[in-house]
Amino acid sequence: MFTDYVKIHVSAGKGGNGAISFRREKYVAAGGPDGGDGGRGGDVYFKVDNDTNTLIDFRYKKKFKAENGENGQGARKYGKSAEDLYISVPIGTIIKDASTNEVLADLSEKEQTVLILKGGRGGLGNSHFATPTRQAPRFAEDGEKGEEKELILELKLLADVGLIGFPNVGKSTFLSTVTSANPKIANYHFTTIDPNLGVIKSKYGDSFVIADIPGIIEGASDGVGLGIQFLRHIERTRVLLHFIDVSGSEGRNPVDDYKTINNELKQYSEKLSKRIQIIVANKTDILQDNTNFAELEKLAKKNKQQLFKISAATGEGIDELMTYVSETLKTLPKENLIEINSNDTKKIYTLETKKKFTVTREGKIFVVQGEDIENIMRRVNVADYESLFYLHRKLDEIGLNKALKKAGVKDGDTVRLIDYEMTWED
């Protein structure tokens, strides 16, 4: 089964917790703090696997999680950092954030590897919090959570030329004639339900790849039939060969077919609709009336497009067509056709920029929430007096005290930090 679209849940590893430990040493307060730091959580990378050409493995496994870092130990022993997780995908895979539909990475090069999710930082052990006035800190930091996202993986075939057109117009027959590909061929609609790839040999110049895209029908851009599944595979192609049956065997008008397919391309992508398109009038071997071809010829001239008259079944006109395609490709650069929403080319994915915290009111209680607050609260022991001093210092550093004053907090008011409540003193 050819699988080209999946949704998966991926989590980077959590950082290990810092240790609370004291060594036993004479004349040193409480033995002296010697808690080690926690290890870093594993990052998540995606890498190209040249031996796979489908996303079918992801149909059976939907959740991926990198390992957590180990906790710190006494005697300043650091926890071991976790191994990074590498997820293999076929070349041509697009990675998107499922919540925003933002493109995070385009894996379109051999051996390409990109960092997608960062593992959490390991927490500091209590040995880091010793000061001349706080010689025996009884608190340490918990490790930070790793990044976690729902991702969409889309496979967009890497082909130079895309064959488009209504079902049963002869695209598969053409592909089998000019390449060594063996697509399923029969005289009924939707013979091709999976895209087929074939490589053109140097007979027509430089070698290049052709993709036989399953027949597009009206409404494909809205998901009718297999709609979007078909259209996504045309996005990377540099040239489109628009196959049209001029024999009239299907009872359709070739000019109407041309307009319908191009309307679907435009509805799906304005950029795709402007891709170089060569019109291929096929099935001329069974052409009884030249009227259809004459109308198509007028249309091609009006749109300033090249028109080739061929028969995929007998081979008539194919050499001329493929020679022209080969020469056309030489003039077109192999550009990156997928836009990456990032200015950082070395690290494709950047962690989201979020507000440090929010301050809201629930009746007379000031409620403080946010990822930074959660990280700080994980690092403190509210039952320890010295740890609370550390908490207040950190809250002042991130600007919470100013924010609470701006929100109208007064002496004696209750402030809730996650699930911990304290009385405000100015």
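Report on the packing of aromatic side chains, specifying residues and quantitative values.
Between two aromatic rings, the relevant description is the distance of the centres plus the angle of the planes. In this structure the tally under the stated criterion is 4 aromatic pairs. Relative to Tyr-324, the ring of Phe-308 has its centre 5.4 Å away and its plane inclined at 45°; by these criteria the two rings are tilted. Remark: Tyr-324 occurs in helix α6 (residues 318-330) and Phe-308 occurs in strand β14 (residues 307-309); sequence separation between them is 16 residues. Among the residues examined, Phe-308 registers a relative accessible area of 15% and is labelled buried. Here Lys-309 stacks its cationic end above the ring of Phe-293, 4.6 Å away from the centre of that ring.

Help me get a handle on the pairing of strand β1 (residues 5-11), residues and values and all.
Of the strand pairs in this sheet, β1 and strand β8 (residues 148-155) are connected by 7 bridges, and their pairing is antiparallel. What sits directly across from Ser-11, in β8, is Glu-148.

If you had to explain unusual backbone geometry to someone new, which residues and values would you point to?
Despite not being glycine, Lys-283 shows a phi value in the positive range, around 65°. Mapped onto the fold, Lys-283 is located in the loop between β13 (276-282) and α5 (291-302). Of the residues examined, Lys-283 reaches a relative accessible area of 14% and is grouped as buried. Even without being a glycine, Lys-304 presents a positive backbone phi close to 55°. Note that Lys-304 resides in the loop between α5 and β14. Lys-304 gets classed as exposed once you look at its relative accessible area, which sits at 79%.

Thresholds applied
Residues numbered from 1 in each chain as written. Predicted model: local features only at pLDDT ≥ 70, side-chain atom pairs only at ≥ 80, totals over all residues. Heavy atoms only, no water. Phe/Tyr/Trp six-rings, centres within 6.5 Å; stacked < 30°, edge-to-face > 60°. Helix = DSSP H or I, 4+ residues; strand = E, 2+ residues; numbered from the N terminus. Buried < 20%, exposed > 50% of the residue type's maximum accessible area, 1.4 Å probe, protein only. Lys NZ or Arg CZ within 6 Å of the ring centre and 35° of its normal. Pairing = 2+ DSSP bridges.

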